[in-house]
Amino acid sequence: MYFKFYDFKEAPFNMTPNSRFFFESAKHTEALSTLIYAIEERKGFVVITGDIGSGKTTVCRTLLNKLTSTTQTALITNTHMSGKDLLCCILEDLEVEYMPGSKSKLLSRLNHYLIEQLRLDNNVVVIIDEAQNLTPAVLEEVRMLSNLETENEKLIQIIFLGQPELKKKLSMPRLEQLCQRIAVFYHLSPLTEEESKQYILYRLKVASESKRQYFTYEALNLIYQFSNGVPRLINSICDSALLNGFIYEKDVIDAELTREVVNESPTVQISGQSVKKGVELDDELKRIVGEQ
Ligand SMILES: Nc1ncnc2c1ncn2[C@@H]1O[C@H](COP(=O)(O)OP(=O)(O)OP(=O)(O)O)[C@@H](O)[C@H]1O
Ligand SMILES: [Mg+2]
């Protein structure tokens, strides 16, 4: 709606993860390098956790764009399913032809495929996003996939991406065998104040060729305070601010407009509590978000 008014080629603060808008913050870059390293070195299991909206899926999309054709990938995003259904999804996403059958038949088909790929010098990676929703029983079944190995190396690399409760789930005694096999854990924390400002300026630059100033310095400060450095909340505030700026015909978004936008924003659920989206988190909520 506000594209023309602000000279944007496209929406600067779209909610969908888009690797073209990938801002290489220290943490996002580190998470990405961790994944690339773990895949190249065939480390087996890797876990990336991060608060809601911190950028896990975005990192994953960027990763997929960087991997070469010698890496076969399956991306699983629906995690409310049984172990057998998950196995079918993995086979389908890897474009492996298979006959419906028992779990052991499916596993044997996967094993056969993995050995074939090893012979071709290919690496196979399964990425499971939203992994915090997998039940302990399914997580245990995923562990079984790591038994598919030769004497020297893992035949399959498995990446779990999930909200912080995933780490808690993995520390359950019944999942100890899986937990011991996890080669790398990485936690994606929110952006710092400086990174948050750079993030906003970067997204504006990708969306517009114009050199104009969009947000005042005070508005940028407020956006950080209200969002706590969580990219999705930053996007939400910036998008609403630009929309309101367009309605009120403001060339530059200032602190007053930013505050107004945040006060009008709907509530979101953080750890079961209602919080006004974009409203500055109090200490208790900061603690909860930090623990998630
Ligand atoms: N490094 C980044 N560069 C550009 N945009 C980012 C970055 N990190 C996050 N975002 C933006 O923030 C929003 C939320 O990111 P994303 O969906 O990746 O978070 P998430 O951690 O997967 O969230 P959830 O826990 O809800 O699955 C997206 O709109 C995405 O475009
Ligand atoms: Mg996500």
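Everything quoted here is computed from the prediction, not taken from an experiment.

### Thoughts on the overall build of the chain
Summing up its helical and strand segments, the chain has 13 helices and seven strands in all. Looking at the chain as a whole, 49% of its 292 residues are labelled buried. Long-range pairs, those at least 24 residues apart, make up 71% of the contacts in the chain with a sequence separation of at least 6. Within the structure as shown, the chain displays about 14400 Å² of accessible surface, and the carbon and sulfur contribution to it stands at 50%. Averaging the locations of the 33 positively and 40 negatively charged side chains of the chain gives two centres separated by 3 Å.

### Observations concerning the environment of L243
One can find L243 in helix α11 (residues 231-247). A sequence separation of 82 residues divides L243 from L161, and the C-alpha atoms of the two residues are 32 Å apart. Sequence-distant contacts of L243, defined by excluding residues within four places in its chain, comprise M1 and Y2.

### Examining the packing of α11 against helix α12 (residues 255-264)
Two elements in contact, α11 and α12, have axes separated by 9 Å at closest approach and are oriented at 115°. Classed by the angle they form, the pair α11 and α12 counts as roughly perpendicular. In this structure, α11 crosses over α12, and the sense of that crossing is right-handed. Contacts between α11 and α12 involve I237, S240, A241, N244 and G245 on the former and, on the latter, L257, T258, V261, V262 and E264.

### Describing the sheet that holds strand β3 (residues 123-128)
The five strands are arranged β2-β3-β4-β1-β5 in an open sheet whose pairing can be described as parallel. Each edge of the sheet is formed by a strand with only one pairing partner; in this case those strands are β2 (71-76) and β5 (182-188). On average, each strand axis in the sheet is inclined to that of its neighbour by 15°, with strand direction left out of account. Both β3 and strand β4 (residues 157-162) contribute to a ladder of four bridges, which runs parallel. Across the sheet, I128 pairs through a bridge with F160, a residue of β4. The strands touched by helix α6 (residues 136-145) within the sheet are β1 (45-50), β3 and β4, with β4 carrying the most contacts at an inclination of about 155°.

### A few points about the pattern of salt bridges
In this structure the tally under the stated criterion is eight salt bridges. In this structure, R20 engages E10 in a salt bridge whose closest nitrogen and oxygen atoms are separated by 2.5 Å. Placement of the pair is R20 in the loop between α1 (3-6) and α2 (26-40) and E10 in the loop between α1 and α2, with a sequence separation of ten residues. Given the relative accessible area of 21%, E10 is considered partly exposed.

### Description of the site of ligand 1
As a structural note, the neighbourhood of ligand 1 is formed by 23 residues, with M15, F23, K56, T58 and R203 the closest of them. At 3.0 Å from an oxygen atom of ligand 1 is found a main-chain nitrogen or oxygen belonging to G53. A distance of 3.0 Å separates an oxygen atom of ligand 1 from a polar side-chain atom of Q163. When the free accessible area of ligand 1 is taken as 630 Å², the share hidden by the protein chains comes to 96%. Every element with two or more residues in the shell around ligand 1 is listed here: α3 (56-66), α9 (193-207) and α11. Among the residues forming the shell around ligand 1, the class breakdown is eight nonpolar, ten polar and five charged.

### Points about the state of the cysteines
Using the criterion set out here, one finds zero disulfides in the structure. Not engaged in a disulfide, the cysteine C89 finds its nearest cysteine sulfur in C88; these two sulfurs lie 7.1 Å apart. Look at C89 and you get partly exposed, because its relative accessible area is 26%.

### Examining the nonpolar core
Counting 35 residues, the largest nonpolar core has L110, I128, V142 and F160 as the members making the most contacts within it. Top contributing element to this core by residue count: helix α4 (residues 83-93), with five residues. Beyond its immediate sequence surroundings of up to four residues, F160 is in contact with F45, V46, V47, I48, I128, A131, L134, L139, V142, L166 and L178. The next biggest cluster of nonpolar side chains, apart from the first, holds 29 residues, and it includes L204, I223, I234 and L257.

### Digging into the domain arrangement of the chain
Assigned domains of the chain: these are domain 1 (26-188) and domain 2 (192-291). Relative placement of domain 1 and domain 2: their C-alpha centres are 33 Å apart. Counting from both sides, the interface comprises nine residues of domain 1 and, opposite them, seven residues of domain 2. The three residues of domain 1 that bury the most area against domain 2 are D51, I52 and G53, which together make up 53% of that side's buried surface. At the boundary of domain 1 and domain 2, one finds one salt bridge. Looking at which element gives the most residues to the side of domain 1 that touches domain 2, the answer is α2, with three residues. Here the residues of the side of domain 1 that touches domain 2 sort into three nonpolar, three polar and three charged.

About the cut-offs
- Residues numbered from 1 in each chain as written.
- Chains lettered and ligands numbered in written order.
- Predicted model: local features only at pLDDT ≥ 70, side-chain atom pairs only at ≥ 80, totals over all residues.
- Heavy atoms only, no water.
- Helix = DSSP H or I, 4+ residues; strand = E, 2+ residues; numbered from the N terminus.
- Buried < 20%, exposed > 50% of the residue type's maximum accessible area, 1.4 Å probe, protein only.
- Contact = heavy atoms within 4.5 Å.
- Areas by Shrake-Rupley, 256 points an atom, 1.4 Å probe, with all protein chains shown as cover.
- Lys, Arg positive; Asp, Glu negative; His and termini not counted.
- Charge placed at Lys NZ, Arg CZ, Asp CG, Glu CD.
- Axes fitted to C-alpha atoms, helices over the stretch in contact; angles between N-to-C directions.
- Parallel < 35°, antiparallel > 145°, perpendicular 65-115°, else oblique.
- Left-handed = near helix turned anticlockwise from the far one by under 90°.
- Pairing = 2+ DSSP bridges.
- Salt bridge = Lys/Arg side-chain N within 4 Å of Asp/Glu carboxyl O.
- Near = heavy atom within 4 Å.
- Polar contact = N/O pair within 3.5 Å; in protein donor to acceptor, adjacent residues only side chain to side chain.
- Nonpolar A, V, L, I, M, F, W, Y, C, P; charged D, E, K, R; others polar.
- Disulfide = S-S within 2.5 Å.
- Core = buried A, V, L, I, M, F, W, Y, C linked by side-chain atoms within 4.5 Å.
- Domains from an automatic or database assignment.
- Buried area = accessible area lost by both parts, 1.4 Å probe.

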